[in-house]
Amino acid sequence: DSLQFLRKAHRNKLVRVAGVVTRRTGVFSQLKIVSYQCPWCKALVGPFSSTNNSTQNNNVCPLCEFVGPLILSQEHTVYRNYQRITLQEAPGSVAPGHIPRAKEVILLNDLVDIARPGEQIDVTGIFGHSYQLASAQAGYPVYSTTIEANHIETMNATDDGETMMTQTEKNELFQIARRDDAMEILINSIAPSIHGHRFIKQALLIAMMGGCAKDVEGKHRIRGDVNVMLLGDPGCAKSQLLKYCCSLIPRAVYATGKGASAVGLTAGVHRDPITREWTLEGGALVLADNGLCAIDEFDKMNEQDRTSIHEALEQQSISISKAGIVTSLRARCSVIAAANPIGGQYDSSLTFTDNVELTDPIIQRFDILCVLQDTIDPIRDAELAESVVSSHQRAFGQNQENEPEIQNVIPQATLRRYIAYARNNCFPTLSAIDQNKVSKLYAELRLESIACGGIPIAVRHLESLMRIAEAHAKIGLRDYVSSEDLDAAIAVVVHSFVTAQKFSVRSALERGFKRYYVNAQRADFTAIILYALRALLLDAHTYQLGAQPASYLFSFDDLLDKLAEYGPESDERTLIKGLKHSKTSLEKHGFQADLEQRSVFWSPPPDS
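Rules used throughout
- Residues numbered from 1 in each chain as written.
- Predicted model: local features only at pLDDT ≥ 70, side-chain atom pairs only at ≥ 80, totals over all residues.
- Heavy atoms only, no water.
- Helix = DSSP H or I, 4+ residues; strand = E, 2+ residues; numbered from the N terminus.
- Buried < 20%, exposed > 50% of the residue type's maximum accessible area, 1.4 Å probe, protein only.
- Contact = heavy atoms within 4.5 Å.
- Areas by Shrake-Rupley, 256 points an atom, 1.4 Å probe, with all protein chains shown as cover.
- Polar contact = N/O pair within 3.5 Å; in protein donor to acceptor, adjacent residues only side chain to side chain.
- Pairing = 2+ DSSP bridges.
- Axes fitted to C-alpha atoms, helices over the stretch in contact; angles between N-to-C directions.
- Salt bridge = Lys/Arg side-chain N within 4 Å of Asp/Glu carboxyl O.

Draft legend 1. Broad picture of the overall build of the protein. From N to C terminus, the protein includes 22 helices and 22 strands. Taken across its 608 residues, the protein has 46% of its residues classed as buried. In the protein, the proportion of contacts linking residues at least 24 apart, taken out of those at least 6 apart, comes to 71%. Only carbon and sulfur atoms are counted for the fraction: they give 52% of the accessible area of the protein, which is about 30500 Å².

Draft legend 2. Expanded view of the side chain of Ser348. With respect to the helices and strands, Ser348 occurs in the loop between strand 18 (334-339) and helix 10 (352-355). A polar contact of 2.7 Å, which involves the side chain of Ser348, links it to the side chain of Gln373. In contact with Ser348, other than residues within four places in its own chain, are Gln373, Gln501, Lys502, Phe503 and Arg506.

Draft legend 3. The sheet that holds strand 18, seen in detail. The strand order across the open sheet formed by five strands is 12-15-18-11-19, and the pairing between neighbours is parallel. Single-partner strands in this sheet number two, and they are strand 12 (252-256) and strand 19 (368-372). In this sheet, adjacent strand axes meet at a mean angle of 15° when their direction is disregarded. Where strand 15 (residues 292-296) and strand 18 come together, four bridges link them in parallel fashion. If you follow Ile295 over to strand 18, its bridge partner there is Ala337. Along the sheet face, helix 4 (residues 198-209) touches strand 11 (228-232), strand 18 and strand 19 and points at about 150° away from the line of strand 19.

Draft legend 4. Quick look at the pattern of salt bridges. Scanning the model with the defined rule gives 13 salt bridges in all. Between Asp367 and Arg223 there is a salt bridge whose closest N-O contact spans 3.1 Å. With Asp367 in the loop between helix 11 (360-363) and strand 19 and Arg223 in the loop between strand 10 (220-222) and strand 11, the pair connects residues that are 144 residues apart, well separated along the chain. We note that Asp367, like Arg223, is buried. Ionic pairing is found between Asp557 and Arg598, a salt bridge with its closest N-O pair at 3.1 Å. Of the two residues, Asp557 sits in helix 20 (residues 556-566) while Arg598 sits in the loop between strand 21 (591-594) and strand 22 (599-602), which places them 41 residues apart along the sequence.

Draft legend 5. Region of interest: the sheet that holds strand 21. The three strands lie next to each other as 20-22-21, forming an open sheet whose pairing is antiparallel. Strands at the two margins of the open sheet, each flanked by one partner only, are strand 20 (552-555) and strand 21. Taking the axes of each pair of neighbouring strands and ignoring which way they run, one obtains an average angle of 25° across the sheet. The pairing of strand 21 with strand 22 spans four bridges and is antiparallel. Each bridged residue has a counterpart across the sheet, and for Phe591 the counterpart in strand 22 is Trp602.

Draft legend 6. Spatial organisation of the pairing of strand 22. As paired strands, strand 20 and strand 22 are joined by four bridges and run antiparallel to one another. Bridge assignment links Leu553 to a residue of strand 22, and that residue is Phe601. What sits between strand 21 and strand 22 in their antiparallel hairpin is a turn of four residues, with Arg598 showing a positive phi close to 55°.

Below is the structure:
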């Protein structure tokens, strides 16, 4: 059962609940069997069994009939370990608008110290009650309910629904992974109601998959989770993307910059109201252990609060040294943060660092930097408007004939199973990668970062490249990192680095690093053709004087020249093959290829 469904019908019965440990007290000694000694005749009185609510106290000696308080016999009294923890509903199981329910759990004997704050556990015990003394002053009796634990099992990351997957569902996942367009299917399935933002969706997919954590001979731990920073103009669906990612992963916590403090994000020490002892209570990053933590309005946080999560972003641990408690909590989670630029609008003439009030140490801890700009593009604006209108019509059950427009999209339940299976069962190894390519890329990125004055490139970015390559291999449900995975990771890192620079140097950087990610782009030649045709159409719109014509004609020579700017240099034969392969996708956007005239004709699509 869930904590919110425990009622009086469950009292004094065996229940089983699951949740996250938020608070833990120290270990105390509780009376189990008590014996007394008469101060007059030294006779032993007892033993008496003690319960959680009361202790039998005898004031009369049965031998000498001495009346008065008897002395507790320390030699014949048996104690047991006693500890209380606070169990709270998991963040992913709380309905919107509801406050997470919490319940006190009593741990006895060998169950003490079996769970730490931030861990998700499954508790089996007796649902009981205890009398509250404060209720007597109010004039009516009130009982507080507790759970006396009988068995506790720590739930790992694999216990988030993947164990309930049938073999048929697993076969369906492998069929999706074996497709050539598996990456595009998964990207299109992420927030399908949000139009565009392909690179951002790809970065979010990589963050949800994550890499593989490494423990080097028990001395040094390298994190495997991928951190992503979204920086862009208002109205670019940053918050919607964060909320959507939290709905895909069971252990996900959503927090805002203004509504979260350093203690709320990391951990805090509080005084227990009953025992008056200092107790440890985990924050959002601790509760999201083995999951995802989404932080919105990241730039609105105080500088002191932002500094407190430096350790959690890199070492994935939170060290506490307060009120005599010196310990470390685990925060092994991916962090997706969203921020707004200075002044509200992103200035392309400045670098990423100059557009946001964040220091270099915290920016370097993010593996992927995504810039969202609200640029004016007549073609994209028309498609965005059409997508928004269609989304509103589908919400009311209208426009059913246009449902098949969203192609290559899998159901959301299938996407959740795919992510859960990849996170828990795929652990790719870096055995056969081109180390020479990686070293050359790292050296050139370092040189360009110094010359352009942008974000400094450090060893963290080299580790980020390895994590992204492992995450890309997880997307294909493989247990090894192939050369295609490395090329895709290089493309993501280079794109993140280039978009974070000034607009004046982006074109030169793209041409300089084109040879590194040419293989990754070649696998998606259809998207490059469509992107080049869009660029030609936008140029024609921009330089057209007077009334805009109803159609445009582009020659193969112009298209080949534009393709050379964005991807691999192609000949006319390769272009014709790509146009035939992408005929359906091009016609959807109004483009038609005429092979005899060696040209591509554009006219507004019928739906626009």
